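Coordinates in review
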Amino acid sequence: VPVPSKEPYTVQVGAYSALANAQKQKKFFDELGYGVEITNKIRNGQNFYLVWVGSFATTDAAQEMVRELKRKYDQNSMAVERY
């Protein structure tokens, strides 16, 4: 499985408190052939598993993926900067 490159922007398609839910979302995009990863973040003492699709050099490129995912899969998402 190729590791996504680490461009500064990505598209977040989900944020889950349960790892199993994040893995289910990841599997959906894996099966469609997208580069997808799970990362975690602690916010206000709570652990979240973030599901990220793609890796982009610019916010414009990430926004194009947001539009594609909405058009093709009715998937709400947002462009985010990696941290």
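The structure under discussion appears in the preceding block.
Residues numbered from 1 in each chain as written. Predicted model: local features only at pLDDT ≥ 70, side-chain atom pairs only at ≥ 80, totals over all residues. Heavy atoms only, no water.

Details of the pattern of salt bridges
In plain terms, the rule: Salt bridges are defined by distance alone: a side-chain nitrogen of Lys or Arg within 4 Å of a carboxyl oxygen of Asp or Glu. Numbering of helices and strands starts at the N terminus; helices are DSSP runs of H or I of at least 4 residues and strands are runs of E of at least 2. The buried label goes to any residue with under 20% of its type's maximum accessible area, the exposed label to any with over 50%, and the partly exposed label to all in between, with areas taken from a 1.4 Å probe on protein chains only.
Taken as a whole, this structure holds six salt bridges when the rule is applied. For Asp 30, the salt bridge identified is with Lys 26, shortest N-O distance 2.8 Å. Separated by four residues within a single helix, Asp 30 and Lys 26 lie in helix H1 (residues 19–32), roughly one turn from each other. Residue Asp 30 is classed as partly exposed on the basis of its relative accessible area, which comes to 33%.

Details of the sheet that holds strand S4 (residues 78–81)
Cut-off, in case you're wondering: Strand pairing is assigned whenever DSSP identifies at least 2 bridges connecting the two strands. A fitted line through C-alpha atoms serves as each axis, taken over the contacting stretch for helices, and the angle formed by two N-to-C directions is quoted from 0 to 180°. Whether two residues touch is decided by their heavy atoms; if any such pair falls within 4.5 Å, the residues are in contact.
Across the sheet, which stays open at both edges, the four strands sit in the order S2-S3-S1-S4 with antiparallel pairing between neighbours. The open sheet has two free edges, formed respectively by strand S2 (36–43) and S4, since each of these has just one partner strand. Across the sheet, the mean angle separating the axes of adjacent strands is 45° when strand polarity is ignored. In terms of strand pairing, S2 meets strand S3 (residues 46–56) through eight bridges, oriented antiparallel. In the sheet register, Thr 39 faces S3, and the bridge partner there is Leu 50. Across the sheet, H1 is in contact with strand S1 (9–16), S2 and S3; its angle to S2 comes to roughly 155°.

Concerning the packing of aromatic side chains
So the rule is basically this: Between rings of Phe, Tyr and Trp, where Trp is taken as its six-membered ring, a pair exists when centres lie within 6.5 Å; planes separated by under 30 degrees are stacked, by over 60 edge-to-face, and by other angles tilted.
Enumeration according to the criterion identifies four aromatic pairs in this entry. Pairing Phe 28 with Phe 29 gives two aromatic rings, centres 4.9 Å apart and planes at 90°, and the pair type is edge-to-face. The class for Phe 29 is buried, based on a relative accessible area of 0%. Look at Tyr 34 and Tyr 73: their rings are 6.2 Å apart centre to centre, the planes differ by 85°, and that puts the pair in the edge-to-face class. In this pair, Tyr 34 is assigned in the loop between H1 and S2 and Tyr 73 in helix H2 (residues 59–73), connecting sequence segments 39 residues apart. A relative accessible area of 14% means that Tyr 34 is categorised as buried. In this structure Tyr 73 comes out as partly exposed when scored by relative accessible area, which is 28%.

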